[in-house]
Amino acid sequence: MTWPALPEPLGVAMSIAWLLYILALSVWIVLQKRPPLSTLAWILSLAALPVLGFLIYFYLGPQKIRRQRMRRQRMRSLQSSHAPNNENSPQSDLPWRNQLLGRLMRATTGMPVSTATAVELLIGGEATFLALHSAINAAQMHVHVAVYTFHPDRVGLPMLEALTAAAKRGVRVRLLVDSVGSPKLRRRHHRALRNAGGEVEVFHPFRLATLKPLLNLRLHRKIVVVDGAIGFTGGVNITEDENERLNHHAFHDLHLRIDGQVVGWLQTLFAEDWAYASKRPLADSELYPSLPAGSIAAQIVGSGPEGLWEPIHRLHLQAIADARERVWLATPYFVPGEAALFALSNAALRGVDVRVTVPQRTDSMVVTFAARSYFDELTEAGVRIYEYQPRMLHCKTLLVDDDCAVIGSANFDQRSFRLNFEVCAVLYDAGIANQLAEEFERGYSRAKRVARPRSVDPLRRLAEAFARLLSPLL
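In what follows, the accompanying structure is described. (Residues numbered from 1 in each chain as written. Predicted model: local features only at pLDDT ≥ 70, side-chain atom pairs only at ≥ 80, totals over all residues. Heavy atoms only, no water.)

## Focus: the sheet that holds strand β17 (residues 422–428)
- Taken in spatial order, the nine strands make up an open sheet running β1-β9-β17-β15-β14-β10-β12-β13-β18, and their pairing is mixed. The two strands at the open ends of the sheet, each matched to only one other strand, are β1 (114–116) and β18 (447–449). Put simply, the sheet's adjacent strands are angled 20° from each other on average, direction ignored.
- Strands in contact with helix α10 (residues 311–322) are β9 (296–303), β10 (326–330), β14 (397–400), β15 (404–408) and β17; relative to β9, the strand with the most contacts, it is inclined by about 135°. (Pairing = 2+ DSSP bridges. Helix = DSSP H or I, 4+ residues; strand = E, 2+ residues; numbered from the N terminus. Axes fitted to C-alpha atoms, helices over the stretch in contact; angles between N-to-C directions. Contact = heavy atoms within 4.5 Å.)

Here is the structure:
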């Protein structure tokens, strides 16, 4: 490389400096030990942006956060003495393939198959918020909330009022929000909650003075635990963008209310996140109350960039690989890696009924184009792809055969599998699977099936191809 506009000595010096910069940047990125395609994409992309590229990678690159991993592990060890008792696991009563899936998840997360006494499928934000308010208003000991997006709007402000009222009557209230997902929530909005004795923390707050910013590693979980016995998780954030009664363009989403012993594992994830963000481990005696075993086999799966095993990624791959009759997947962001793409196409090629539902249009044009770049090879393998029409689809669900349902916060993309802190509930139960199947069927009636072959103009096909190149970075 030469710099013709500069005097020759200065041009040579600039060329040497640029080469040294590329070498140092390449070594730095390679040492992250990311997938080869992702590594090459980062190196080639940032090499073209000598200064800006460094800042982009420093603030948004896929850091391994070794120090944060060590800190989370210390917090987990401090919380381990308070974890729920696992002696009565129902895993041996499950079908063999679900036993294997349960073992895999326990090996990668430390969380075994447990039980629930009741599980309620909450369809849409309105039903979810009504159930949340009901549980919070009845709380007696504590309310723990961890959420990606909490906006001070027509949904968030009443939720803050409910939490404040609970704190005023002596309930321990702890609220954990993500700094990137909840930029509109300011201290003035939760001042009353804190004055009432509630605690509020922000996950990975952005500070220019921080040596290793973590903008790209987000708390994407949605967890609410009430009195250690009632838990909520799924895809719904606390914002009017998720309430169809207040906003006709609200996301179509799905959430769960879970009662029983398995809630202890949602509590464990919250406690770890809280201790990590606040540096204050939780040791309340009422965190894990003694609860009776239930009839519904359930398992909580948490994952994040601090671990090595990508549990939620493995959960999807193994469940799809084990499927014998059907794999029905719904996700707002569909950017599969090579392993996930092979798992879906393999299942379809061996005769499994594989269906993927995505929104017709997401809130990211690049993601929309990237997702569509995978449609041709999947439909060629026999996968049926549906584009949900009425509103933005925000459900993150997977149904395998007639007895395995997965509902959580993780999208079917590499960001959720590798970068975000996510949570899923796995329900090994035919009744819940049947309810989820009915919801999928309702969705298909409101969706348009992608044709095979697709009729796409050359310009749009080119846009999809370029968007696909960015898949490792999305």
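## With respect to the pairing of strand β12 (residues 353–359)
- Extensive coverage of β12 is indicated by the burial of seven of its seven residues.
- Taking every second residue as pointing to the same face, both faces of β12 are buried, with Asp353, Arg355, Thr357 and Pro359 on one and Val354, Val356 and Val358 on the other.
- When β10 meets β12, the two strands line up parallel, connected through five bridges. By the bridge assignment, Arg326 is partnered in β12 with Asp353.
- Where β12 meets strand β13 (residues 384–388), five bridges bridge the pair, whose relative direction is parallel. Counted as the bridge partner of Arg355 is Arg384 from β13. (Buried < 20%, exposed > 50% of the residue type's maximum accessible area, 1.4 Å probe, protein only.)

## Side note on helix α5 (residues 96–109)
- Here α5 spans 20 Å end to end across 14 residues, near enough to the 20 Å set by a 1.5 Å rise per residue.
- Among all positions of α5, only Asn98, Gln99, Leu101, Gly102, Met105, Thr108 and Thr109 are buried.
- Just downstream of α5, Gly110 is the residue with a positive phi angle, here 80°. (Expected span 1.5 Å × (residues − 1).)

## A closer look at the nonpolar core
- Counting residues in each nonpolar core, the largest one holds 49 residues, and the members touching the most others are Val119, Leu176, Ile223, Leu256, Ile258 and Ile300.
- With nine residues, the single largest contributor to this core is helix α9 (residues 263–278).
- The residues contacting Ile223, other than those within four sequence positions of it, are His144, Val145, Ala146, Phe232, Thr233, Leu266, Leu269, Phe270 and Val423.
- Counting residues in each nonpolar core, the second largest holds 46 residues, with Phe334, Val358, Val383 and Phe412 among its members. (Core = buried A, V, L, I, M, F, W, Y, C linked by side-chain atoms within 4.5 Å.)

## Comments concerning the packing of aromatic side chains
- Enumeration over the complete set of coordinates arrives at 11 aromatic pairs.
- On the numbers, 5.4 Å between centres and 80° between planes, the contact of Trp328 with Tyr444 is edge-to-face. Of this pair, Trp328 sits in strand β10 while Tyr444 sits in helix α15 (residues 430–445), placing them 116 residues apart in sequence.
- Residues Phe440 and Tyr444 carry aromatic rings whose centres are separated by 6.1 Å and whose planes lie at 35° to one another, so their mutual orientation is tilted. Of this pair, Phe440 and Tyr444 both sit in helix α15, separated by four residues, roughly a single helical turn. Note on accessibility: Phe440 and Tyr444 belong to one class, buried.
- One aromatic cluster in this structure is built from Trp328, Tyr386, Phe440 and Tyr444.
- The positively charged end of Arg326 is found above the aromatic ring belonging to Trp328, 4.6 Å away from the centroid. (Phe/Tyr/Trp six-rings, centres within 6.5 Å; stacked < 30°, edge-to-face > 60°. Lys NZ or Arg CZ within 6 Å of the ring centre and 35° of its normal.)

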